[in-house]
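# Remarks on the overall topology
Single-letter residue listing:
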Amino acid sequence: MSTLPVNVTVTGAAGQIGYALLFRIASGQMLGPDVPVRLKMLEIPQGVKAAEGTAMELEDCAFPLLAGIDIYDDPKVAFDGVNVGLLVGARPRGAGMERGDLLAANGGIFGPQGAAINAGAADDVRILVVGNPANTNALIASAHAPDVPADRFNAMMRLDHNRALAQVAAKTSTPVGDITKVTIWGNHSAKQHPDLTQAVIAGRPATEVIGDDAWIKDDFVPTVAKRGAAIIDARGASSAASAANAAIAHVHDWVNGTPEGDWTSVAMPSDGSYGVPAGLVSSFPAVSKGGAWEIVQGLELDDYTRAGIDTSVAELVEERDAVQELGLLSAANA
Ligand SMILES: NC(=O)c1ccc[n+]([C@@H]2O[C@H](COP(=O)([O-])OP(=O)(O)OC[C@H]3O[C@@H](n4cnc5c(N)ncnc54)[C@H](O)[C@@H]3O)[C@@H](O)[C@H]2O)c1
Ligand SMILES: O=C(O)C[C@H](O)C(=O)O
């Protein structure tokens, strides 16, 4: 990236995650301590006033790297020239809302945003979808941006990845920094598959250090997969600071590379690796090199891992089929 300001568009800027995210982006934690940023905040009209308040606070931080702040309620302008887009704003599930209703409501958000990205984004654009259902929302956005390479659309699994690291660290009394090669496969949902079969703790296989297969299957996997719901139950609102932290780390590593000897978990369009149908936005172990993700290849999958991936991917197929049926994967419906 050059020293020209990087245009960072954040949707849902007045929301909880937006509030935890914007200050860290402006301080340089996402793109680096030498990279100026211009924030382009997108909200729905009812959210604009609150976004203006957040912008006032951003100004009051006097961040040296913050080159400008603009607030929009029109995606076409908000994504004009965007280099990095964080698609956070989404329609939450309301009382009595079926999964199909949620997918349809979000299709109405992510289709037009994808079209706006297609029309105005910079050539190096990178899009991270955070708003749920994140994987399928990323698929919808990408379908409406036929001129943008599909691999520029990611969905966020980094929070699940970090949750897995934290659980293993607590179980083994190991510093998080000594734990590598954890993977989350599949969908950002309770059907994700957290996987420790390749994980390493201070140079030793994690499964050997843990020495408790029942803990992995009966405790670790469901705890990580259902952590989002546990946070909602405890906080009365979904995770915000940890989600923002994960988004910062995801984009940081995408742009600047992953540490040598480790990988992270990224939902990106499948190239057919590990039997995941091509095009589905599914999570894989991935390294970032030269500003692009590469799926880690050649991992042996035991039967338990294979079954976990298949279950999660089946859910993604269902979601894709549902939005396809609703016409949300057709660019004509933007
Ligand atoms: N992928 C993950 O790991 C992860 C983690 C936590 C939360 N989430 C999801 O992130 C999303 C946002 O969470 P939150 O806590 O910030 O919610 P929130 O309700 O506090 O904020 C959402 C904001 O988005 C805005 N918005 C809605 N539609 C919009 C549109 N079309 N364009 C622009 N802005 C729009 C709303 O006005 C609101 O200000 C939710 O879908 C949540 O489920 C994902
Ligand atoms: O689980 C949720 O609905 C919220 C969010 O996606 C999370 O993982 O915390």
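Residues numbered from 1 in each chain as written. Chains lettered and ligands numbered in written order. Predicted model: local features only at pLDDT ≥ 70, side-chain atom pairs only at ≥ 80, totals over all residues. Heavy atoms only, no water.

### Considering the UniProt feature "active site" (unreviewed entry) in the chain
What UniProt calls "active site" (unreviewed entry) maps, in this numbering, to H188. When neighbours within four sequence positions are excluded, H188 is seen to be in contact with N132, N135, M156, M157 and D160. (UniProt positions renumbered as here; feature names shortened; annotations may be inferred. Contact = heavy atoms within 4.5 Å.)

### Here we look at the confidence of the model for the chain
The predicted model of the chain averages 95 in pLDDT, with 98% of residues at 70 or higher. This complex was scored by the predictor with a pTM of 0.97 and an ipTM of 0.99. (pLDDT = per-residue confidence, 0-100.)

### Remarks on unusual backbone geometry
Residue P133 is bonded to the preceding N132 through a cis peptide linkage, with omega at -5 degrees. Of note, the phi angle at A62 is positive, near 50 degrees, even though the residue is not glycine. Its location among the elements puts A62 in the loop between α2 (48-60) and β3 (66-72). Take A62: its relative accessible area is 59%, and that puts it in the exposed class. (Helix = DSSP H or I, 4+ residues; strand = E, 2+ residues; numbered from the N terminus. Buried < 20%, exposed > 50% of the residue type's maximum accessible area, 1.4 Å probe, protein only.)

### A look at the pairing of strand β1 (residues 6-11)
By the criterion of burial, β1 is predominantly enclosed, with six of the six residues buried. Residues of β1 alternate between two faces, with V6, V8 and V10 on one and N7, T9 and T11 on the opposite face, all of them buried. Here β1 runs beside strand β2 (residues 37-42); their pairing, made up of six bridges, is parallel. Bridge pairing in β2 places T11 opposite L42. A crossover links β1 with its parallel partner β2, the connecting element being helix α1 (residues 16-26), and its sense is right-handed. (Pairing = 2+ DSSP bridges. Right-handed = clockwise from strand over helix to strand, strands pointing away.)

### Concerning the site of ligand 1
Taken together, the neighbourhood of ligand 1 is formed by 22 residues, with Q16, I17, E43, V130 and N132 sitting nearest. Between Q113 and ligand 1, the recorded distance is 3.5 Å, taken from a side-chain N or O atom to a nitrogen atom. A distance of 3.2 Å separates a nitrogen atom of ligand 1 from a polar backbone atom of V130. Computed on the free molecule, ligand 1 has an accessible area of 870 Å², of which 82% lies beneath the protein chains in the complex. Only α1 and α4 (99-120) provide two or more residues apiece to the shell around ligand 1. For the shell around ligand 1, a count of residues per class yields 11 nonpolar, 10 polar and one charged. (Near = heavy atom within 4 Å. Polar contact = N/O pair within 3.5 Å; in protein donor to acceptor, adjacent residues only side chain to side chain. Areas by Shrake-Rupley, 256 points an atom, 1.4 Å probe, with all protein chains shown as cover. Nonpolar A, V, L, I, M, F, W, Y, C, P; charged D, E, K, R; others polar.)

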